[in-house]
Amino acid sequence: MEVVHRKDLVKYHVRNWQNQKKTIGFVPTMGALHEGHLSLVRRARAECDVVVVSIFVNPLQFNQAADLEKYPRNLEADCRMLEAEQADLIFAPDADAFYERIPAISMEFGPLTSVLEGEMRPGHFSGVAVVVSRLFHIVEPAKAYFGSKDLQQVAVVKRLIQDLDFNLQLVACPTARNEDGLALSSRNARLSPAGLKTASQLNKGLSLAMAEFDIQNPDASQMAAKRFLEKFSDIELEYLEWVDADTMEPVLPGIPVSNPAICLAARVEGVRLIDNMVLENHGNGC
Ligand code: PAF
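Residues numbered from 1 in each chain as written. Predicted model: local features only at pLDDT ≥ 70, side-chain atom pairs only at ≥ 80, totals over all residues. Heavy atoms only, no water.

Caption draft 1: Broad picture of the site of the ligand. Around the ligand sit P28, T29, M30, N58, Q61, V131, F146, D150 and Q153, and that is every residue in its neighbourhood. Separating an oxygen atom of the ligand from a side-chain N or O atom of Q61 is a distance of 2.6 Å. Residue Q153 places a side-chain N or O atom 2.7 Å away from an oxygen atom belonging to the ligand. In the complex, 89% of the free accessible area of the ligand, which totals 290 Å², lies under the protein chains. (Near = heavy atom within 4 Å. Polar contact = N/O pair within 3.5 Å; in protein donor to acceptor, adjacent residues only side chain to side chain. Areas by Shrake-Rupley, 256 points an atom, 1.4 Å probe, with all protein chains shown as cover.)

Rendered as structure tokens:
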């Protein structure tokens, strides 16, 4: 496994692999790796000839300087984990080298980003789309692996791939959870043991909404989950909503939607967490 910090070195390897007709699997990350990331790397390892992982805390997608500053970073530990998973190449650029100058471009996705994370974190998805586009140009993967915990990000990147005609397949992988059901996130490292226990209630709230979902009255299950979570004084709920997983449009009473998703964002001990669950192929008899 090689760790490189410059994009021309990544491109050099990409050219060689292309000459050898090898398929490139790509896992973009911001580091502070956990089992969720590693499951993406394993999937890429199983499906592609070579695996490239990027580790880059992208300043463009943080709308609060404090959040960017507090984002956990541990390149050495990350590289050890990736070595064990037999990744081939780690691309870990410095922000200054990655963006020779701050990009002037911004990317809008209309209704896809006017709700949930897009509403709460203005500019976030533009920053994600810019960095992901640049990374796709550098790595030229056949397949790129994303975790479904960031459901809206998956929808945005799918749209980005379609709209800019990137020649690659997005592979959305299931959310990895700990034994209490808490979605794995690099941000969990900032929670105390008690905070981790409290945060695992988020998953219970989502499960409750899933169990009680009724297309004739989606609000009822949403309210039941909110009432459940409001019992925990350490959870500050930001949003909890049913949306269509593909379009992010709200699920309306009686209007069929194939993949309704219940999504939430909440703060526990000041740490902002997101999670979701999808009722796949709802009403298709699958
Ligand atoms: O999901 C993430 O970790 C980031 O948003 C991504 C895709 C690596 C872009 O910075």
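Caption draft 2: Broad picture of the side chain of T113. Topologically, T113 is positioned in the loop between α5 (95-98) and α6 (116-120). With residues near it in sequence (within four places) discarded, T113 still touches G118, E119, F125, Q152 and V156. (Helix = DSSP H or I, 4+ residues; strand = E, 2+ residues; numbered from the N terminus. Contact = heavy atoms within 4.5 Å.)

Caption draft 3: How the structure looks around the packing of helix α7 (residues 124-139) against helix α8 (residues 151-163). Put simply, α7 and α8 touch, their axes get as near as 10 Å, and they point 50 degrees apart. Relative to α8, the element α7 is oriented oblique. Between α7 and α8 the crossing geometry is right-handed. In contact with F125, V128, A129, V132, S133 and F136 of α7, α8 contributes Q152, Q153, V156, V157, L160 and I161. Within the contact of α7 with α8, the residues separate by chemical class into nine nonpolar, three polar and no charged. (Axes fitted to C-alpha atoms, helices over the stretch in contact; angles between N-to-C directions. Parallel < 35°, antiparallel > 145°, perpendicular 65-115°, else oblique. Left-handed = near helix turned anticlockwise from the far one by under 90°. Nonpolar A, V, L, I, M, F, W, Y, C, P; charged D, E, K, R; others polar.)

Caption draft 4: Main features of the side chain of R187. Relative to the elements of secondary structure, R187 occurs in the loop between β6 (169-173) and α9 (193-212). Judged by its relative accessible area of 12%, R187 is buried. (Buried < 20%, exposed > 50% of the residue type's maximum accessible area, 1.4 Å probe, protein only.)

Caption draft 5: The pattern of salt bridges, seen in detail. Counted by the stated rule, this structure contains 19 salt bridges. Between E47 and K143 there is a salt bridge whose closest N-O contact spans 3.2 Å. Placement of E47 in helix α2 (residues 35-47) and of K143 in strand β5 (residues 143-147) is noted, with a sequence separation of 96 residues between them. In this structure, a network of salt bridges that share partners links the residues D67, E117, R121, R187, E238, R267 and R272. (Salt bridge = Lys/Arg side-chain N within 4 Å of Asp/Glu carboxyl O.)

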